[in-house]
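# Structure assessment
Residue-level listing of the chains:
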Amino acid sequence: MRTRSALAAAAAALAAATCLTPTTAAAAPQPYAPARACSPSVRIDGFSDALDKKTFQGAFVGNLSALATDKDGTVAALSDRSQLFSLDVRQNGRGTPSATPVRVVNLADEKGGPLDSEGLVVDRDGTRLVTSETEPSVRRYAEDGKLLGRLPVPAALQVAPRGRAVSNQTFEGLTLQPGGRTLIASMEQSLAGDGPDAAGRPLVRLQSWQRHGRQEFALGPQYAYPVDKGLGVAEITAAGDGRLLVLERGFTPGVGNTVRLYLADPRRASDVTAVTNLPGGAGTRPVGKKLLADLGACPSLGATAHQPQRNPLLDNIEGLVVMKRSGGSLRLLLVSDDNQNAAQITRLYALTVRLPRP
């Protein structure tokens, strides 16, 4: 979601080396030197601002809200201004990521209008699944941007007055579980009428869709996820073993961003589709989660910020994709959404995560 009012008041070459895409072998993760450690589970390998305020074929390369690996080894990068870029992503020997735009495709709704596009999945056949958080919706697009259809959305998750959601607080994240049968979208904030859990954490809903064989996605179970106070769910992505990586993010004017990376497991959570108001009864189990790292604790690596930040490395991080899986370690790429604002930065982050055992 674009953080408009608070950030608008703030004042305001590409490296090519070892390919970081899933189709290319990457070096095994090195021990976590203190200079790179964000936590016992996460290290930062590097960052790059090379995309910041760039243009490609007349399109502004910013407002990036989601990342996904594509069939050809590039990384699809979704702008919340209805554009989908393809990036050639690489990482040099020092861990610094870089990205070169190679394609851009425009997206539109059924009437040819713009989207507030936030979540992205590239399906097995190359189809793009894209969320918009104003309705909300999940639309299917061909690789050339042609609209193919849309998935059903429960009435309660629709924006008021049709439902109980707040516009721009709906489907912020989207991921496809291994095997391609289960799609999950994350609401950014709670529905009207949904209360906090016993610890006072707001509960947001994760909506799933399921398919079998060549069938279309149909509505599946819905789960309650406890988000930290003052934060919202900015992105989710499959960890590869049934669990989810969840990016929680918030912004405080004059202080800066808070960004935390969690590991969440929906497999033992209750289906809350029929629960009108969360947290539900005593038998309703929310999604369990474990903190992997507060990214504010990462070393800054010499990064600078254009506005106050607890850590100058931080910005409005919204996109997250797993680039490579190696045993219990994941190589991640993250991106921040600059909102086309001089006080913010389009920044790429390369992280390595060691997953705890289930």
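We now turn to the structure provided with this report. Since we're looking at a predicted model, the values are computed, not measured.

Rules used throughout
Residues numbered from 1 in each chain as written. Predicted model: local features only at pLDDT ≥ 70, side-chain atom pairs only at ≥ 80, totals over all residues. Heavy atoms only, no water. Core = buried A, V, L, I, M, F, W, Y, C linked by side-chain atoms within 4.5 Å. Buried < 20%, exposed > 50% of the residue type's maximum accessible area, 1.4 Å probe, protein only. Helix = DSSP H or I, 4+ residues; strand = E, 2+ residues; numbered from the N terminus. Pairing = 2+ DSSP bridges. Axes fitted to C-alpha atoms, helices over the stretch in contact; angles between N-to-C directions. Salt bridge = Lys/Arg side-chain N within 4 Å of Asp/Glu carboxyl O. 1 Å grid on protein atoms, 1.4 Å probe; cavity = no way out; pocket = protein on both sides within 12 Å on 5 of 7 lines; lining within 4 Å. Points joined across faces, edges and corners; volume = space filled by probe spheres on them. Nonpolar A, V, L, I, M, F, W, Y, C, P; charged D, E, K, R; others polar.

This next bit is on the nonpolar core. Ranked by internal contacts, the top residues of the largest apolar core, which has 27 residues, are Leu245, Leu261, Leu295, Ile317, Leu332 and Leu334. Listed by contribution, the elements that provide at least two residues to this core are β2 (42–48), β18 (244–252), β19 (256–265), β20 (288–294), β21 (317–326), β22 (329–336) and β23 (348–354). Within the second largest apolar cluster, 17 residues are counted, among which are Phe56, Ala59, Leu67 and Val89.

Side chains on a regular strand alternate between the two faces of the sheet. With respect to burial, strand β17 (residues 232–238) is a largely interior element, 7 of its 7 residues being buried. For β17 and β18, the ladder comprises 6 bridges, and the chain directions are antiparallel. Bridge pairing links Ile236 to Val246 in β18. Counting the residues that bridge the hairpin from β17 to β18 gives 5 residues, and of these Gly240 lies at a positive phi of roughly 110 degrees.

Before going further, it helps to spend a moment on the pairing of strand β7 (residues 83–91). Burial of β7 is extensive: 7 of the 9 residues sit out of reach of the surface. By the bridge criterion, 5 bridges tie strand β6 (residues 75–79) to β7 in an arrangement that is antiparallel. Directly across from Val75, in β7, lies its bridge partner Leu87. Counting the residues between successive antiparallel strands, the hairpin from β6 to β7 contains 3 residues, one of them, Ser82, with a positive phi of roughly 70 degrees. Taken together, the 9 bridges between β7 and strand β8 (residues 97–106) define a ladder with antiparallel strand orientation.

A few words now on the sheet that holds strand β15 (residues 203–210). Spatially, β13-β14-β15-β16 is the arrangement adopted by the 4 strands of the open sheet, whose pairing is antiparallel. Lying at the two open borders of the sheet, with one neighbouring strand each, are β13 (171–176) and β16 (218–226). Sheet twist, expressed as the average angle between the axes of neighbouring strands with direction ignored, equals 20 degrees.

Tallied over the full model, the rule gives 24 salt bridges. We note a salt bridge from Glu135 to Arg139, for which the minimum N-O separation is 2.7 Å. Its relative accessible area of 26% is what places Glu135 among the partly exposed residues. Residue classification places Arg139 among the buried positions, given a relative accessible area of 2%. Arg201 is paired through a salt bridge with Asp197; the nearest N and O atoms lie 2.8 Å apart. Salt bridges sharing common partners tie together Asp228, Glu248, Arg260, Lys289 and Asp294.

The next point concerns the layout of surface pockets. Picture a little ball the size of a water molecule; that probe, rolled over the atoms, points out where space is still empty. Taken as a whole, the largest pocket encloses approximately 540 Å³ of empty space. Around the largest pocket, the lining comprises 28 residues; the ones closest to its centre are Thr69, Val122, Thr175, Leu176 and Arg325. Of all the secondary-structure elements, those providing two or more residues to the lining of the largest pocket are β5 (64–69), β9 (117–122), β13, β17 and β21. A per-class count over the lining of the largest pocket returns 15 nonpolar, 6 polar and 7 charged.

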